[in-house]
Amino acid sequence: MERHITFCISTYNNLEYLKIAIDSVRKNSYYNEAPFIIHAENCSDGTDEWLHENSRKYNLEYYIDKNDIPLGIGGGMNFCADKVKTEFIMFLHSDFYVTKNWDKALMDVFDLYPRKKLWVNSHRVEPNMFNNPSNYRPGTVIVPIESFGAYYNDFDSQLFDDWAKDFINTNTFEIPKGEGVSGLIRKVDWDEIGGNDPRFAPTSWDDMDLFLRMLKNGFEFILTSKSLVWHFGARGSHRLEENDGKSSIRQQQAEYENRHKWIGKWKSLPTFDEYGMIKGLQ
């Protein structure tokens, strides 16, 4: 098994943001020639055609999936992980823009703690698409939507790169927190934990379920300020542009149904620590 990383993205009708994510990974990653797996599920926005036309340019291994019962975000992660042949898996959102050497900074954390089972995350910056009254939550800087642009067609990547460089140079900290869908993990550890539980497809509560199982199996979570990504703000699931700033019906329905599925599985609701990280059950 190779030492380095395979990048993995699962996407659903999020083409314009996916283009930005893929381009930034190839442009800004330290391991910029690493394998890159894309899972495109039930897309009708031109994603399938774009991947066919651009797979050689970006050196992508891609899979077009048409499912009556969608795998969703967590299932898409499982699908991609099954194809990985490297030691590490790097899961990404389809609405990320990554900054210079973001992946190397995550790998450095594993080198600091070589004997630990880890889920390692980048610090995030995102536009205030959800009208959060604060400009910060642990692990995420929330900025006004006019700061760097908030959409695929007005995002100023050069301005953000300059800001990100200053942030990384002036901050050195780790937060004991995991972020869903995106994270660096050893393939052997992912396989041990069994990936995401398909009962929570297509979205919502699956990341908390995954992290709770990880906690129970001795994993530690580290979010580092030395790796920075821009997150457009759940565009691939909440789909705010299509729904007048509200979450999609699919997202709302999944959140409601999966809360009940969670209780059915765990018999109790989750509890959280001061970082917003799940720590156990009520």
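Throughout what follows, the structure given in this document is the object of discussion. What you are looking at is a predicted structure, and each value in this text was computed from that prediction instead of being measured. (Residues numbered from 1 in each chain as written. Predicted model: local features only at pLDDT ≥ 70, side-chain atom pairs only at ≥ 80, totals over all residues. Heavy atoms only, no water.)

Right, let's talk about the overall build of the chain for a bit. The secondary structure content of the chain amounts to eight helices and 13 strands. Relative to the globule expectation of 19 Å for 282 residues, the C-alpha radius of gyration of the chain, 18 Å, shows essentially globular dimensions. Long-range pairs, those at least 24 residues apart, make up 75% of the contacts in the chain between residues at least 6 apart in sequence. Here the chain displays about 12900 Å² of accessible surface, and carbon together with sulfur accounts for 49% of that area. If you average the places of the 33 positive and of the 42 negative side-chain charges in the chain, the two averages end up 5 Å apart. (Helix = DSSP H or I, 4+ residues; strand = E, 2+ residues; numbered from the N terminus. Rg over C-alpha atoms; globule rule 2.2 N^0.38 Å. Contact = heavy atoms within 4.5 Å. Areas by Shrake-Rupley, 256 points an atom, 1.4 Å probe, with all protein chains shown as cover. Lys, Arg positive; Asp, Glu negative; His and termini not counted. Charge placed at Lys NZ, Arg CZ, Asp CG, Glu CD.)

Among the nonpolar cores identified, the biggest contains 33 residues, and F7, I22, L92 and W102 are the most heavily contacted of them. For W102, the residues in contact, after removing those within four places along its chain, are F7, V25, N28, S29, M90, L92, S122, S227, L228 and V229. Judged by nonpolar contacts, the second largest core, of 26 residues, contains V84, M208, L212 and W262. (Core = buried A, V, L, I, M, F, W, Y, C linked by side-chain atoms within 4.5 Å. Buried < 20%, exposed > 50% of the residue type's maximum accessible area, 1.4 Å probe, protein only.)

Now for unusual backbone geometry. Looking along the chain, the bond that leaves A201 and enters P202 is cis, with omega of 5 degrees. Residue position: P202 is located in the loop between helix 6 (187-193) and helix 7 (206-216). With phi around 75 degrees, W205 is a residue other than glycine that occupies positive phi space. Relative to the assigned elements, W205 resides in the loop between helix 6 and helix 7.

What follows covers the packing of helix 1 (residues 15-28) against helix 2 (residues 47-58). Pairs of packed helices are described in terms of their axes, by the angle between the two and the distance that separates them. At a minimum axis separation of 12 Å, helix 1 and helix 2 run at an interaxial angle of 10 degrees. When the axes of helix 1 and helix 2 are compared, the pair comes out roughly parallel. Across the interface between the two elements, L15, L18, K19, I22, D23 and R26 from helix 1 touch T47, W50, L51 and Y58 from helix 2. Among the residues forming the contact of helix 1 with helix 2, the class breakdown is six nonpolar, one polar and three charged. (Axes fitted to C-alpha atoms, helices over the stretch in contact; angles between N-to-C directions. Parallel < 35°, antiparallel > 145°, perpendicular 65-115°, else oblique. Nonpolar A, V, L, I, M, F, W, Y, C, P; charged D, E, K, R; others polar.)

In this section: the packing of helix 7 against helix 8 (residues 249-266). Close contact between helix 7 and helix 8 brings their axes to 12 Å; oriented N to C, the two are set at 25 degrees. Relative to helix 8, the element helix 7 is oriented roughly parallel. For the pair helix 7 and helix 8, the contacting residues are M208, D209, L212, R213 and K216 in the first and W262, K265 and W266 in the second. Broken down by class, the residue content of the contact of helix 7 with helix 8 amounts to four nonpolar, no polar and four charged.

Turning to the pattern of salt bridges, a few remarks are in order. Taken as a whole and judged by the stated rule, the model has 14 salt bridges. With its nearest N and O atoms 2.8 Å apart, the salt bridge here joins D197 to K265. Residue D197 is located in the loop between helix 6 and helix 7, and its partner K265 is located in helix 8; the two are separated by 68 residues in the primary sequence. What makes D197 buried here is its relative accessible area of 12%. Residue classification places K265 among the partly exposed positions, given a relative accessible area of 23%. Between K265 and D209 there is a salt bridge, with its nearest N and O atoms 2.8 Å apart. Of this pair, K265 sits in helix 8 while D209 sits in helix 7, and the two are 56 residues apart along the sequence. (Salt bridge = Lys/Arg side-chain N within 4 Å of Asp/Glu carboxyl O.)

Now for the environment of Y152. Looking at where Y152 falls in the secondary structure, it is placed in the loop between strand 8 (140-143) and helix 5 (157-170). Its relative accessible area of 40% is what places Y152 among the partly exposed residues. C-alpha separation for the pair Y152 and D95, spaced 57 residues apart in sequence, amounts to 9.0 Å. Setting aside residues up to four positions removed in sequence, Y152 forms contacts with E16, Y17, I20 and F232.

Once that is clear, we can look at the pairing of strand 3 (residues 61-65). Summarising the sheet, strand 2 (residues 36-41) and strand 3 pair through five bridges and their orientation is parallel. Within strand 3, the residue paired with H39 across the bridge is Y63. Handedness of the crossover is the feature at issue here: the chain leaves strand 2, passes through helix 2, returns alongside strand 3, and the resulting connection is right-handed. (Pairing = 2+ DSSP bridges. Right-handed = clockwise from strand over helix to strand, strands pointing away.)

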